[in-house]
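Each chain, written out:
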Amino acid sequence: MAKTVDDGIDKFTRKLNPIAKTKNVLIEINGRKFINFCSNDYLSVSNHPKIIDACARSAKKYGVGSGGSRLLSGDREIFHELEKKVADFKKKESALVFNSGYQANIGIINALSKSFYKTIFIDQLAHASLIDGVLLSKIVFHRFRHNDIEHLAELLKKFQKGKSLVITESVFSMDGDFAPLNDIVSLKEKYDFDIYVDEAHATGIFGEKGEGKVEENNLSPKIEYIMGTFSKALGSFGAYFACSEEIKKFLINKCRSFIYSTSLPLPIVEANIKSIDIVQKETFRRDKLLYLAGKFRNLLAESGFKTPSMSQIVPIIIGDEKETIKISQILREKGFWVLPIRYPTVPKKQSRLRFSLNYSHEEDQLDLLIKVLSEAKNGEKYF
Ligand SMILES: *Cc1c(COP(=O)(O)O)cnc(C)c1O
């Protein structure tokens with residue numbers, strides 16, 4: 001008999017679960033096999049032979065560590081090549097590479113708000129790294145209700161003093177829904193603000209070539225700042241910030257998380273370049289992913305589950321924390337690796353199971369998952 005996975009989550013603590021083996025979405029933990037529904041490697045390119053090859057060749061040629069921050073001796077031509085590629089991909093004048101999305105958001109928001117903005121307006125469900133950037137900068141800020149454009153307008157009217165910054169994600173990491181980017185841009189006619197969009201979960205997936213939601217909506221000229229990561233659909237590591245050349249120069253001089261940190265390992269930079277190429281070309285990956293996500297959302301609706309999702313991130317909101325943990329345990333017993341997401345990652349009473357769909361999932365796996373979920377739901381009264 002298989003051992004139970006001691007994930008510790010029933011004790012309300014968080015615990016690490018090292019994965020022993022993995023082949024795309026098939027993972028093995030503690031000797032048990034699971035289908036992974038928690039991976040952000042949405043397009044399964046983290047083990048793409050061409051990306052591995054680019055990375056390995058670079059490691060052999062240049063070694064691993066870059067040896068310093070970009071401003072000391074850690075800069076190489078290849079960073080500039082990557083930045084040019086990102087700028088083209090995102091249809092912005094310029095781009096700057098960061099070591100991680102977390103470092104990008106905390107450093108950039110802090111630097112920008114100290115020099116250019118009086119007030120920040122940020123979506124209530126924005127990622128922790130965005131919130132931490134705001135808190136670090138000690139700027140006056142207001143959180144608008146999630147995707148509520150009227151509430152944003154109301155807050156702007158009441159609290160705007162001087163130029164403001166509006167921050168949102170384009171595809172929300174916990175709800176899987178889309179920000180009303182067009183509406184936010186329209187508000188610029190009445191109020192004086194710039195826009196900062198985090199495309200961590202949109203890059204590689206939305207837009208004709210995976211450029212993201214901003215580009216899909218032809219909004220690149222109207223949105224000043226586009227941040228995103230190489231660590232999710234691009235299957236690699238690190239982050240970028242696409243902006244004007246002037247802002248890039250400013251950040252090189254003022255952004256502490258850029259200045260005071262060793263630059264990315266060169267093999268990773270090489271992998272990031274290759275990954276952008278692959279993701280742009282291999283459109284079949286996002287086509288299948290979005291097909292599977294649509295199918296899964298339909299199956300959920302047919303089975304009476306509710307989800308705010310419009311994307312490959314499909315949460316079902318259970319509400320009660322214990323109930324959420326219980327269902328996630330049932331799912332894991334049946335071989336589906338799904339973890340409960342709860343406070344403080346999401347608001348209290350909004351505990352959820354969050355399914356990240358993947359290019360490597362198969363339709364019959366989704367059918368089985370729905371069957372197990374429906375069984376878990378039957379006889380329960382939490383929906
Ligand atoms: C994952 C994520 C980040 C952080 O990116 P890392 O490269 O993992 O540090 C930032 N913003 C959002 C919305 C994310 O989902």
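Residues numbered from 1 in each chain as written. Predicted model: local features only at pLDDT ≥ 70, side-chain atom pairs only at ≥ 80, totals over all residues. Heavy atoms only, no water.

Peer 1: Talk me through the site of the ligand; I want residue IDs and the actual numbers.
Peer 2: The local shell around the ligand holds 14 residues, among which G101, Y102, D198, H201 and K232 are the closest. Within the contact set of the ligand, an oxygen atom lies 2.8 Å away from a backbone nitrogen or oxygen of G101. Y102 places a main-chain nitrogen or oxygen 2.9 Å from an oxygen atom of the ligand. Protein chains bury 85% of the 380 Å² of accessible surface belonging to the ligand in isolation. (Near = heavy atom within 4 Å. Polar contact = N/O pair within 3.5 Å; in protein donor to acceptor, adjacent residues only side chain to side chain. Areas by Shrake-Rupley, 256 points an atom, 1.4 Å probe, with all protein chains shown as cover.)

Peer 1: Tell me about the pattern of salt bridges, and please be specific about residues and values.
Peer 2: Throughout the structure, instances matching the rule amount to 23 salt bridges. Taking the shortest distance from any N to any O, the salt bridge between D277 and K85 comes out at 2.7 Å. Pair noted here: D277 is in helix α10 (residues 266-281) and K85 is in helix α2 (residues 77-90), with a separation of 192 residues, a long-range link. For D277, a relative accessible area of 21% puts it in the partly exposed group. On the accessibility criterion, K85 (22% relative accessible area) is partly exposed. (Salt bridge = Lys/Arg side-chain N within 4 Å of Asp/Glu carboxyl O. Helix = DSSP H or I, 4+ residues; strand = E, 2+ residues; numbered from the N terminus. Buried < 20%, exposed > 50% of the residue type's maximum accessible area, 1.4 Å probe, protein only.)

Peer 1: Please set out the packing of helix α1 (residues 49-62) against α10 residue by residue, giving values where relevant.
Peer 2: The N-to-C vectors of α1 and α10 enclose an angle of 155 degrees; their axes lie 8 Å apart at closest approach. Judged by the inter-axis angle, α1 sits roughly antiparallel to α10. Every pair of crossing elements has a handedness; the one defined by α1 and α10 is right-handed. Every residue of α10 that contacts α1 at K50, I51, A54, C55, S58, A59 and Y62 is listed here: L266, P267, E270, A271, K274, S275 and I278. The class makeup of the residues in the contact of α1 with α10 is nine nonpolar, two polar and three charged. (Axes fitted to C-alpha atoms, helices over the stretch in contact; angles between N-to-C directions. Parallel < 35°, antiparallel > 145°, perpendicular 65-115°, else oblique. Left-handed = near helix turned anticlockwise from the far one by under 90°. Contact = heavy atoms within 4.5 Å. Nonpolar A, V, L, I, M, F, W, Y, C, P; charged D, E, K, R; others polar.)

Peer 1: So what about the state of the cysteines? Which residues, and what values?
Peer 2: For the coordinates displayed, the defined rule picks out zero disulfides. Between C243, a cysteine without a disulfide, and C255, which holds the nearest cysteine sulfur, the sulfur-to-sulfur distance is 10 Å. With a relative accessible area of 0%, C255 lands in the buried category. (Disulfide = S-S within 2.5 Å.)

Peer 1: Any chance you could break down the sheet that holds strand β8 (residues 193-198) for me, citing the residues and the numbers?
Peer 2: Spatial strand order, β4-β10-β9-β8-β7-β5-β6: seven strands in an open sheet with mixed pairing. The sheet terminates laterally at β4 (94-98) and β6 (140-144), the two strands that pair on one side only. On average, adjacent strands in this sheet sit at an angle of 20 degrees to one another, irrespective of strand direction. The sheet contact formed by strand β5 (residues 119-123) and strand β7 (residues 164-169) spans four bridges and is parallel. (Pairing = 2+ DSSP bridges.)

Peer 1: Summarise empty space enclosed by the protein; cite the residues concerned and give the values.
Peer 2: This structure, assessed with the given rule, holds one cavity of 30 Å³ or more. As a volume, the largest cavity reaches approximately 80 Å³. If you trace the largest cavity, you find it lined by R70, F79, V97, F98, N99, Q103, S257, F258, S261, T262, S263 and L264. (1 Å grid on protein atoms, 1.4 Å probe; cavity = no way out; pocket = protein on both sides within 12 Å on 5 of 7 lines; lining within 4 Å. Points joined across faces, edges and corners; volume = space filled by probe spheres on them.)

Peer 1: Describe in detail the packing of aromatic side chains, supporting the description with residues and values.
Peer 2: One pass over the full model with this rule turns up 13 aromatic pairs. Judged by centre distance (4.8 Å) and plane angle (55 degrees), the ring pair of F116 and F250 falls under tilted. Placement of the pair is F116 in helix α3 (residues 101-116) and F250 in helix α8 (residues 245-254), with a sequence separation of 134 residues. On the basis of relative accessibility, which here comes to 36%, the residue F116 falls in the partly exposed class. By relative accessible area, which is 14% here, F250 ends up buried. With a centroid separation of 5.2 Å and 80 degrees between ring planes, the pair formed by F178 and F206 is classed as edge-to-face. Placement of F178 in the loop between β7 and α6 (181-187) and of F206 in the loop between β8 and α7 (213-216) is noted, with a sequence separation of 28 residues between them. What makes F206 buried here is its relative accessible area of 6%. Sitting above the plane of the F178 ring, K213 keeps its charged end 3.8 Å from the centroid. K213 extends its terminal NZ or CZ atom over the ring of F206, reaching a point 4.6 Å from the ring centre. (Phe/Tyr/Trp six-rings, centres within 6.5 Å; stacked < 30°, edge-to-face > 60°. Lys NZ or Arg CZ within 6 Å of the ring centre and 35° of its normal.)

Peer 1: Which residues make up the sheet that holds strand β11 (residues 313-319), and what values go with them?
Peer 2: Across a sheet, strands are paired by hydrogen bonds formed along the backbone, either parallel or antiparallel in direction. Spatially, the three strands line up as an open sheet ordered β11-β14-β13, and their pairing is antiparallel. The sheet is open, and its two edges are formed by β11 and β13 (340-341), each paired on a single side. Pairing of β13 with strand β14 (residues 351-356) involves two bridges; the strand directions are antiparallel. Bridging across to β14, I341 finds its partner in R352. Sheet contacts for helix α12 (residues 321-333): β11, β13 and β14; angle to β14, the most-contacted strand, approximately 35 degrees.

Peer 1: Please provide a residue-by-residue account of the layout of surface pockets, values included.
Peer 2: Looking at the largest pocket, its volume works out to about 1200 Å³. If you go around the largest pocket, you meet 41 residues; those closest to its centre are R14, M174, I341, T345 and R354. Of all elements in the fold, only α4 (128-137) and β13 reach the threshold of two or more residues within the lining of the largest pocket. Looking at the lining of the largest pocket residue by residue, the classes come out as 19 nonpolar, 15 polar and seven charged. A volume near 150 Å³ is recorded for the second largest pocket. Every residue along the wall of the second largest pocket is listed here: A54, R57, S58, K61, Y62, R76, I78, L266 and E270. Put simply, the parts of the chain that give the lining of the second largest pocket at least two residues each are α1 and α10. For the lining of the second largest pocket, the leading source of residues is α1, giving five residues. Of the residues that constitute the lining of the second largest pocket, the class distribution is four nonpolar, one polar and four charged.

All quantities given are derived from atomic positions and should not be read as evidence of function.
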